[in-house]
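What follows is the residue order along each chain.
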Amino acid sequence: MAQNDIGIDLGTTTIIIAQEGKGVVLNQPSVVAMDTRKNTVLEAGDKALAMVGRTPNYISAIFPLKDGVISDHTMTRELICRFVKQVYSSHMVKPRVAVCVPAAITGIESDAVVEAVVAAGARQVYLIDEPIAAALGSGIDITVPDGRMIIDIGGGTTDIAVLSHGTAVRQTLRAALDGALAHGGGTHQTGTVHGAQGGCEQFGCAGGGTTDIAVLSLGGKVKATSVRVAGNHYDEEILKHVRNKYSIAIGQRTAEELKKHVACCPQKTDFHESMEIKGRSLLTGLPVRVTVSTDDLYEPVMMLSEQIGTAAHQVLEKTPPELAGDIYRNGVMLTGGGAQLHGLTEYLSQELKVEVTVSPDPVNCVALGTAQSLSIGDKLETGFTDATPRIGRR
């Protein structure tokens, strides 16, 4: 029953929960505030995020998800339990839960996700690849013979996949991207599907944990890769750039504000903004403020954007000709929070020689698609699995 189904976008920076027919029912930061003296959780979500950088030594703000996967199983389970209970209070019937995961997730990492969700009270757990969820949430029918290409830019990695009808066979393209991804520290994986030919459109999803790029057709995944360059990496590089250029130490949240309101790829020539930031001088140790402009941030923004562009280019090179023709006709769609970076669509369009657009709801589309997947799972050839048997049905 749809009212007992929940879709969870388990993001590095944000957890979004959606239900089919209701839309997004919860959107909370993926952070927990913990009292290390008593080993107890004080707050989670918005209230915990407000404590970041403002707590005494014995209170620790923990981000239990890193690069789109679980790094702290106990805290992730605490987050999921709290948030699921907020949106689903029935004690009579346990919910079916679908969780989106990076396309290149390992078996051990996916098992950790399943265990955390079952501990939160799910009776059945499904895993869906982020690019597929992003396409569904963007209103794209990937079950028809018209291929789609997805670029899902999260917070920690970039996943790229080509989807079509059939069964995926994965292979590594690490050698082609080792140089380009040296700063991102990630891997590039591609899956090839043997099956019916279809048209193809490229999509990109940018959010908090990973960047996924996928080409989809007939409910299957033709090509896919995951790159560990995404939204959080932009924040880190901006923070380092400001530190080196102005000798000022700023916080992660200030760096994120610069990314949202000032940073831009130079291909968007009509965007010029500036912002006054406050931080601590590395020379005097005293509080100081300085104005940062769009031009000041071109270097860190382009360093990472070029890595995503290279990864997408590599996937297109391996895409079958028929699907490549569909991508040229349909264009590329970006989804996720990182898709909103100013000038990114213009840059990728220039690099890939196809039209690049942003999803109508880039932030929530992955969660919405994850919730929808539970009702059409039988039509999805790859990238959607019933993961409950791994730990026994409950």
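None of these values were measured; they are calculated from a predicted model.

Draft legend 1. Just the nonpolar core, in detail. Ranked by size, the top nonpolar core spans 41 residues in total, and within it Ile151, Ile250, Leu258 and Leu344 carry the most contacts. Counting residues per element, the ones that place at least two in this core are strand S11 (148–153), helix H6 (231–246), helix H7 (252–261), strand S20 (287–293), helix H8 (298–317), strand S21 (332–335) and helix H10 (344–352). It is H8 that provides the largest number of residues to this core, a total of eight residues. Residues in contact with Ile250, not counting those within four places in the same chain, are Leu239, Val242, Ala255, Leu258, Ile277, Lys278 and Gly279.

Draft legend 2. Summary view of helix H2 (residues 73–87). For H2, which comprises 15 residues, the first-to-last C-alpha distance of 21 Å matches the rise-based estimate of 21 Å (1.5 Å per residue) to within 8%. Residues of H2 that are buried: Met75, Thr76, Leu79, Ile80, Cys81, Phe83, Val84 and Val87. One side-chain oxygen at the N-terminal end of H2 lies 3.3 Å from the backbone nitrogen of Thr74; it belongs to Asp72.

Draft legend 3. Representation of the pattern of salt bridges. A complete count under the given rule lists 10 salt bridges for this structure. A salt bridge links Asp235 to Lys259; the nearest nitrogen and oxygen atoms lie 3.2 Å apart. With Asp235 in helix H6 and Lys259 in helix H7, this residue pair connects regions lying 24 residues apart in the sequence. Looking at Asp235, the relative accessible area reads 4%, which means it is buried. By sharing partners, the salt bridges in this structure join Glu276, Lys278 and Arg289 into a single network.

Draft legend 4. How the structure looks around the side chain of Asn364. Inspection of the secondary structure puts Asn364 in the loop between strand S22 (356–358) and helix H11 (365–376). Assessed through its relative accessible area of 16%, Asn364 is described here as buried. If sequence neighbours within four positions are ignored, Asn364 has contacts with Ile16, Val24 and Asn27.

Draft legend 5. The sheet that holds strand S5 (residues 40–44), seen in detail. Spatial strand order, S5-S4-S6: three strands in an open sheet with antiparallel pairing. Looking at which strands have only one partner, the edges of the open sheet turn out to be S5 and strand S6 (59–62). Looking at each pair of strands side by side, their axes are set apart by 30° on average, direction ignored. Bridge count between strand S4 (residues 32–35) and S6: four bridges; the pairing is antiparallel. Directly across from Ala33, in S6, lies its bridge partner Ala61.

Draft legend 6. Up close: the pairing of S4. Residues of S4 alternate between two faces, with Val32 and Met34 on one and Ala33 and Asp35 on the opposite face, all of them buried. Count of turn residues in the S4/S5 antiparallel hairpin: four residues, of which Asn39 carries a positive phi of about 55°.

Draft legend 7. Quick peek at the packing of H8 against H10. Two elements in contact, H8 and H10, have axes separated by 10 Å at closest approach and are oriented at 40°. When the interaxial angle is binned, H8 and H10 end up oblique. Where H8 crosses over H10, the handedness of that crossing is right-handed. Contacts from Met302, Ser305, Glu306, Gly309, Ala312, His313 and Leu316 of H8 reach H10 at Leu344, Tyr347, Leu348, Glu351 and Leu352. Considering only residue class, the contact of H8 with H10 consists of seven nonpolar, three polar and two charged.

Draft legend 8. Highlighting the packing of aromatic side chains. The tally for this structure, following the rule as stated, stands at one aromatic pair. Aromatic side chains Tyr126 and Phe384 sit 5.3 Å apart centroid to centroid with 10° between the ring planes, which places their arrangement in the stacked category. Placement of the pair is Tyr126 in strand S10 (residues 124–129) and Phe384 in strand S23 (residues 384–386), with a sequence separation of 258 residues. Taking relative accessible area as the criterion, Tyr126 reaches 11% and is therefore assigned buried. In this arrangement the basic side chain of Arg37 is found over the ring face of Tyr58, its NZ or CZ atom lying 3.7 Å from the centre.

Draft legend 9. Structural context of the pairing of strand S9 (residues 96–101). Most of S9 is tucked away, with six of its six residues classed as buried. Here S9 shows a buried face lined by Arg96, Ala98 and Cys100 and a second buried face lined by Val97, Val99 and Val101. Pairing analysis gives five bridges linking strand S1 (residues 5–10) to S9, with the strands arranged parallel. For Asp9, the partnering residue across the bridge sits in S9 and is Cys100. Two strands pair when backbone bridges link them, and S9 and S10 are joined in this way by six bridges, in the parallel orientation. Opposite Ala98, over in S10, you have Tyr126 as the bridge partner.

Draft legend 10. The sheet that holds S9, seen in detail. Strand order in the open sheet formed by six strands is S3-S2-S1-S9-S10-S23, with mixed pairing between adjacent strands. Of all strands in the sheet, those with a lone pairing partner are strand S3 (23–29) and S23, marking the two edges. In this sheet, neighbouring strand axes are inclined to one another by 20° on average, regardless of whether the strands run parallel or antiparallel. Across six bridges, the pairing between strand S2 (residues 14–19) and S3 is antiparallel. Bridge pairing in S3 places Gln19 opposite Gly23. Those strands touched by helix H3 (residues 107–119) are S1, S9 and S10, and its axis lies near 140° from that of S10.

Reading the values: the criteria
Residues numbered from 1 in each chain as written. Predicted model: local features only at pLDDT ≥ 70, side-chain atom pairs only at ≥ 80, totals over all residues. Heavy atoms only, no water. Core = buried A, V, L, I, M, F, W, Y, C linked by side-chain atoms within 4.5 Å. Buried < 20%, exposed > 50% of the residue type's maximum accessible area, 1.4 Å probe, protein only. Helix = DSSP H or I, 4+ residues; strand = E, 2+ residues; numbered from the N terminus. Contact = heavy atoms within 4.5 Å. Expected span 1.5 Å × (residues − 1). Polar contact = N/O pair within 3.5 Å; in protein donor to acceptor, adjacent residues only side chain to side chain. Salt bridge = Lys/Arg side-chain N within 4 Å of Asp/Glu carboxyl O. Pairing = 2+ DSSP bridges. Axes fitted to C-alpha atoms, helices over the stretch in contact; angles between N-to-C directions. Parallel < 35°, antiparallel > 145°, perpendicular 65-115°, else oblique. Left-handed = near helix turned anticlockwise from the far one by under 90°. Nonpolar A, V, L, I, M, F, W, Y, C, P; charged D, E, K, R; others polar. Phe/Tyr/Trp six-rings, centres within 6.5 Å; stacked < 30°, edge-to-face > 60°. Lys NZ or Arg CZ within 6 Å of the ring centre and 35° of its normal.

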